[in-house]
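Okay, here's what each chain looks like letter by letter:
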Amino acid sequence: MAETVHSPIVTYASMLSLLAFCPPFVILLWYTMVHQDGSVTQTFGFFWENGVQGLVNIWPRPTLIAWKIIFCYGAFEAALQLLLPGKRVEGPISPAGNRPVYKANGLAAYFVTLATYLGLWWFGIFNPAIVYDHLGEIFSALIFGSFIFCVLLYIKGHVAPSSNDSGSCGNLIIDFYWGMELYPRIGKNFDIKVFTNCRFGMMSWAVLAVTYCIKQYEINGKVSDSMLVNTILMLVYVTKFFWWEAGYWNTMDIAHDRAGFYICWGCLVWVPSVYTSPGMYLVNHPVELGTQLAIYILVAGILCIYINYDCDRQRQEFRRTNGKCLVWGRAPSKIVASYTTTSGETKTSLLLTSGWWGLARHFHYVPEILSAFFWTVPALFDNFLAYFYVIFLTILLFDRAKRDDDRCRSKYGKYWKLYCEKVKYRIIPGIY
Ligand code: NDP
């Protein structure tokens, strides 16, 4: 039996329900935002009248134009990933003792992508509003295409794994859901998770944020201040992501989660559809906040994005310098934790217990959630669906904090216990 964090029954039930319900949810979210004015009640009324057949009727068929848009975008991003120059960066040591090597060209790819997209629009070569007009078909194509992609990853994991950081847990559903390989690659250099998570998923977030803004401009002849705040904050967040992309390669998504449905389908479909949904909502809801309120929200959002960045930076700087750095102006307090790799070697890691990491063991999730709140709140409170991403993110990160704690407890044993005694709270200081 495969080892699971939650009880096996909860694990199977949650995996099967996510596999079954996430695809229709993406379509329902798009349909409600774009065709039902963002109103869950209206969508509910539609299904009350039309039943399940209603879902079949509204589900857009993947059209040729949708496939073309996805193919051009994916091929462009893959080419940038392979061809743009970048510094050689080493990832963290994997559980099997490997150290993957990456090319850090994410920020260049990000600027080239945005400049190309805006250039195509500016010179009248391609109108981004077309992407919004075919959004349902694009999401539908992504849903099916990414599912097939995950099946191929599963097969690759069995027949041609890229490294010994791979293997089956003996259960087909878990292997498909959590993935077989930690660092699947095509050839030596094309890292599949960097492509799915960063260059396709996170990049699509920025591209769609710009798309929604342009679409609102096309409809109304101007962009509302609420849309501007939303777009700027989402772009600041994604810029921060690419600025720090090499740091992302040290996080759970890349260093611990294998390439399966959970992470790859999530980044290929869930990020473009759900993560961008507050902007999708605003296209048809041009709320005017007034300059003062807009600026307050903007500043609060940027501050939260900065704090989230600073938490990640502090941990990585601390690890990179082997604890020989200053944390909030002082020598850091730390725990030297030893652990054994799957190949039986004993290694040590440093756990930071001061700065942001002394407030709570996953304090960085607080500003992450607040940032999402601040780029959603310009939509005000007419429809709760605009807040779906914030609610989803909160659940995701609370679950992730538990998963990470459990993983670290089994990795570091008594040292993690010591860390939990020193830093008592999991996410919110004084509360949880
Ligand atoms: P972290 O970057 O927090 O990485 C967790 C790992 O850090 C642990 O597994 C452990 O790994 C190490 N670690 C834990 N405690 C310490 C410590 N005190 N000192 C040093 N190292 C420690 O995890 P995430 O991947 O969850 O977060 C990365 C970023 O991504 C965050 O900014 C987060 O907000 C964001 N994020 C955003 C999501 C979204 O959907 N918008 C989803 C998830 C994350 P080791 O084995 O190396 O010790």
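Residues numbered from 1 in each chain as written. Predicted model: local features only at pLDDT ≥ 70, side-chain atom pairs only at ≥ 80, totals over all residues. Heavy atoms only, no water.

- Identification of the protein chain as 7-dehydrocholesterol reductase from Arabidopsis arenosa is taken from an unreviewed UniProt entry.
- UniProt's Sequence similarities (unreviewed entry) comment on the protein chain is quoted here verbatim: "Belongs to the ERG4/ERG24 family." (UniProt positions renumbered as here; feature names shortened; annotations may be inferred.)

## Details of unusual backbone geometry
1) Next: Its identity is not glycine, yet D37 carries a phi of approximately 60°, on the positive side.
2) Next: Relative to the elements of secondary structure, D37 occurs in the loop between helix 1 (8-35) and helix 2 (40-58).
3) Next: Classification of D37 by relative accessible area gives partly exposed; the value is 42%.
4) Next: The backbone phi angle of L380 is positive, close to 55°, even though this residue is not glycine.
5) Next: Secondary-structure assignment places L380 in the loop between helix 16 (365-376) and helix 17 (388-412). (Helix = DSSP H or I, 4+ residues; strand = E, 2+ residues; numbered from the N terminus. Buried < 20%, exposed > 50% of the residue type's maximum accessible area, 1.4 Å probe, protein only.)

## Description of the site of the ligand
1) Next: Near the ligand you find 29 residues, and of these D312, Y365, D404, K411 and Y412 are the closest.
2) Next: Contact distances for the ligand include 2.8 Å between an oxygen atom and a side-chain N or O atom of R319.
3) Next: For the ligand, an oxygen atom lies 2.6 Å from a polar atom in the side chain of D404.
4) Next: In the complex, the protein chains occlude 94% of the 910 Å² of accessible area that the ligand would expose alone.
5) Next: Mapped by element, the contributors of at least two residues to the shell around the ligand are helix 14 (291-320), strand 6 (346-352), helix 16, helix 17 and helix 18 (414-422).
6) Next: Broken down by element, the shell around the ligand gets its largest block of residues, 10 residues, from helix 17.
7) Next: Classifying every residue of the shell around the ligand by side-chain character gives 17 nonpolar, four polar and eight charged. (Near = heavy atom within 4 Å. Polar contact = N/O pair within 3.5 Å; in protein donor to acceptor, adjacent residues only side chain to side chain. Areas by Shrake-Rupley, 256 points an atom, 1.4 Å probe, with all protein chains shown as cover. Nonpolar A, V, L, I, M, F, W, Y, C, P; charged D, E, K, R; others polar.)

## Considerations on the UniProt feature "transmembrane region" (unreviewed entry) in the protein chain
1) Next: UniProt feature "transmembrane region" (unreviewed entry): in the numbering of this structure it lies at residues 12-31, 65-86, 107-126, 138-155, 227-244, 259-277, 289-309 and 372-398.
2) Next: Taken as a whole, residues 65-86 contains 86% helix and 0% strand, while its terminal C-alpha atoms sit 33 Å from one another.
3) Next: Across residues 227-244 one finds 94% helix and 0% strand; the C-alpha atoms that close the span lie 26 Å apart.

## Comments concerning the side chain of T276
1) Next: Along the chain, the position of T276 falls in the loop between helix 12 (261-275) and helix 13 (277-283).
2) Next: Looking at T276, its side chain comes within polar contact range of the side chain of Y212, at 3.1 Å.
3) Next: When neighbours within four sequence positions are excluded, T276 is seen to be in contact with W205, L208, Y212, M234 and V271. (Contact = heavy atoms within 4.5 Å.)

## Some points on the pattern of salt bridges
1) Next: Considering all chains together, one arrives at 19 salt bridges under this definition.
2) Next: A salt bridge links D253 to R400, with the nearest nitrogen and oxygen atoms 2.7 Å apart. Highlighted residues: D253 in helix 11 (residues 252-255) and R400 in helix 17, separated in sequence by 147 residues. The burial state of D253 is the same as that of R400; both residues are buried.
3) Next: When salt bridges that share partners are traced, they join R88, E90 and R99 into one network. (Salt bridge = Lys/Arg side-chain N within 4 Å of Asp/Glu carboxyl O.)

## Structural notes on helix 12
1) Next: The end-to-end C-alpha distance of helix 12, which contains 15 residues, comes to just 17 Å, noticeably less than the 21 Å that a straight helix rising 1.5 Å per residue would cover.
2) Next: Burial of helix 12 is extensive: 15 of the 15 residues sit out of reach of the surface. (Expected span 1.5 Å × (residues − 1).)

## Some points on the pairing of strand 6
1) Next: Note that strand 5 (residues 334-340) and strand 6 share seven bridges and pair antiparallel. Bridge pairing in strand 6 links T340 to T346.
2) Next: Hairpin geometry of strand 5 and strand 6 is characterised by an intervening segment of five residues between the two adjacent antiparallel strands and by a positive phi of about 95° at G344. (Pairing = 2+ DSSP bridges.)

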